Amino acid sequence: MPSDTAHPDRSRQKGDPVRSIWRRIFRTKPVGEIIAEGGHGEGGELKRSMSLTQLTMFSVGATLGTGIFVILGEAAPLAGPAVVVSFLLAAVTALFSALSYAELAGTIPVSGSSYSYAYATLGEVVAWVCGWCLLLEYAVSVSAVAVGWGQYLNEFFGQSTGWRIPAALSGPPGIDGGVVNLPAIAVVLLATVLLLRGASESATANAVMVVVKIGVLLFFCVIAFTAFDSDNLTPFAPLGMAGLSAAGAKVFFSYIGFDAASTAGEEAKNPRRDLPLAILLSLGIVTLVYVLVALASVGVLPWQRLSGSEASLAKVLEDATGSAWPSVVLSLGAVVAIASVVLTVLYGQTRILFAMSRDGLIPKVFQRVSPRRRVPAANTIIVSAFVAILAGLVPLGRLADATSIGTLFAFAVVNVGVIVLRSTRPDLPRNFRTPLFPLTPILGVLFCLYLMVNLDRQTWAVFAVWTLVGLAAYFAYGFRRSRLAQAAGACRPH
Ligand SMILES: NC(=[NH2+])NCCC[C@H](N)C(=O)O
């Protein structure tokens, strides 16, 4: 096997400091090294225990969540009944990136997901920025998701017993008399306990929750289809192509998460074969569920009535059955659904940090493996504490868009990574190759950029500040401490 090309430290030139810094920050990590380190942490190894089913459920678990329960009410007014097509459009957009994820996850089957792929292809600083953006996709988004969980729990209590958690205990300080958001903290703690028990135990619990959430959504479809009225579908696209694609951009959020399996590379039994399959299967399952739910909804209610309300799915069921009880089932379904998002996304965050820590870019504590359960326990506790504080005390309001922009950046990097790796390491065994190369990854990048450009200025400002803070952190810490930097330093002639 040829050694990795593009290893800048090897061709270090003395003299020009700017070039030398440039080379250092764009050094890439040899793929062979990344793979060889897989599973190893300080003090032990992670346990390879996850099957294809568990991995697929993991990605479905991380994807199917708040989105479908609330987004229909926001997207239907933009597109009319054609919102069904918007869901397909967003799925195709996600598919290009999913194909790229599948190729790289099958080639470099480690826990770092896009962070590790960027390290192998685009260089350390890009990998760092990518990892930093993954904090938005995972840690920050999971805090927001935990807050949503609390709202559904309250909804469920309210509908079934009439009792609600007092405002002081169900909201962050400063918002409607809130002091602390206890339910949000509680769901994070529950997930933490599961994660500390082990990856396989967490995967099993997640699988159960996924079955429940898909079951609830199918139950929704069955009931809704009994009241289906095809008149509601005409005119099909009253707001034209523009409305259809605007709704597509809106629902893209509900597809985020199919990449979660790529954070389980070091705990999968057969990662090279199963990761690509899990990523693509999960996207297929989620798309099918979304399209069915959307079709059922616009078939029951005239699309104008689907607007605005958070409880748009509940409205559909009330209309179809003429009674209120189905909404209780729906809110219970949402509680289970969102709990599994919290669990899987929290898991993903710890594993990405695990990989970054092993590379020396963040402190070593994140790669310590506890010998008993063979999980990164300290890492899990730190991440959970951070997420719990964020979810319990900080009003997160507009963070969904910040999540999207960070995610889209990471997706774009993965698409570019596929193109780079095909040219720098054509020899690597690839278990899955994205079809129609290079068209698919190029379209993948373009779609991501297109959706990014469509986000508002405020989101871009948050993204810019976030990236700058990240770069500052990199130069203060990782730039010198990175394992590659240290190795290069050790070889340097004195
Ligand atoms: N990294 C993540 N999986 N973040 C949460 C994604 C949200 C999910 N797609 C939903 O609709 O609720």
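Since the structure is predicted, the reported quantities are computational estimates derived from the model, not experimental observations.

Draft legend 1. Summary view of the packing of helix α13 (residues 325-358) against helix α14 (residues 377-393). Interhelical geometry of α13 versus α14 gives an angle of 125° and a closest axis separation of 10 Å. Comparing the axis directions of α13 and α14 gives the class oblique. Helix-helix and strand crossings are classified by hand; for α13 and α14 the assignment is right-handed. Across the interface between the two elements, L346, Q349, T350, R351, L353 and F354 from α13 touch N379, T380, V383, S384 and V387 from α14. A breakdown of the residues in the contact of α13 with α14 according to their chemical character gives five nonpolar, five polar and one charged.

Draft legend 2. Highlighting the site of the ligand. The ligand sits among A62, T63, G65, T66, G67, E137, S141, F253, S254, I256, G257 and V345. Between an oxygen atom of the ligand and a main-chain N or O atom of G67, the distance comes to 3.0 Å. Take I256: an N or O atom from its main chain is 2.8 Å from a nitrogen atom of the ligand. Alone, the ligand offers 340 Å² of accessible surface; in the complex the protein occludes 99% of this. Those elements giving two or more residues to the shell around the ligand turn out to be α3 (52-63), α4 (66-79) and α7 (124-161).

Draft legend 3. How the structure looks around a positive patch on the surface. A surface patch of like charges, here positive, comprises K47, R197, R372, R373 and R374. Residue classification places R197 among the partly exposed positions, given a relative accessible area of 43%.

Draft legend 4. Spotlight on empty space enclosed by the protein. All chains considered together, the criterion is met by three cavities of 30 Å³ or more. Around the largest cavity, the lining comprises 18 residues; the ones closest to its centre are A62, S141, F253, I256 and V341. Going through the elements one at a time, α3, α4, α7 and α13 are the ones with two or more residues in the lining of the largest cavity. Sorting elements by how many residues they give to the lining of the largest cavity places α7 first, with four residues. Residue classes in the lining of the largest cavity are distributed as eight nonpolar, eight polar and two charged. The calculated volume of the second largest cavity comes to roughly 60 Å³. In terms of lining residues, the second largest cavity is bounded by K29, I34, E37, V110, S116, Y119, A355, R358 and D359. For the lining of the second largest cavity, the secondary structure elements donating two or more residues are α2 (31-37), α6 (114-121) and α13. Among the residues making up the lining of the second largest cavity, the classes are represented as four nonpolar, one polar and four charged.

Conventions we followed
Residues numbered from 1 in each chain as written. Predicted model: local features only at pLDDT ≥ 70, side-chain atom pairs only at ≥ 80, totals over all residues. Heavy atoms only, no water. Axes fitted to C-alpha atoms, helices over the stretch in contact; angles between N-to-C directions. Helix = DSSP H or I, 4+ residues; strand = E, 2+ residues; numbered from the N terminus. Parallel < 35°, antiparallel > 145°, perpendicular 65-115°, else oblique. Left-handed = near helix turned anticlockwise from the far one by under 90°. Contact = heavy atoms within 4.5 Å. Nonpolar A, V, L, I, M, F, W, Y, C, P; charged D, E, K, R; others polar. Near = heavy atom within 4 Å. Polar contact = N/O pair within 3.5 Å; in protein donor to acceptor, adjacent residues only side chain to side chain. Areas by Shrake-Rupley, 256 points an atom, 1.4 Å probe, with all protein chains shown as cover. Patch = residues over 30% accessible without salt bridge, like charges linked within 9 Å, V, L, I, M, F, W, Y side chains within 5 Å. Salt bridge = Lys/Arg side-chain N within 4 Å of Asp/Glu carboxyl O. Lys, Arg positive; Asp, Glu negative; His and termini not counted. Charge placed at Lys NZ, Arg CZ, Asp CG, Glu CD. Buried < 20%, exposed > 50% of the residue type's maximum accessible area, 1.4 Å probe, protein only. 1 Å grid on protein atoms, 1.4 Å probe; cavity = no way out; pocket = protein on both sides within 12 Å on 5 of 7 lines; lining within 4 Å. Points joined across faces, edges and corners; volume = space filled by probe spheres on them.

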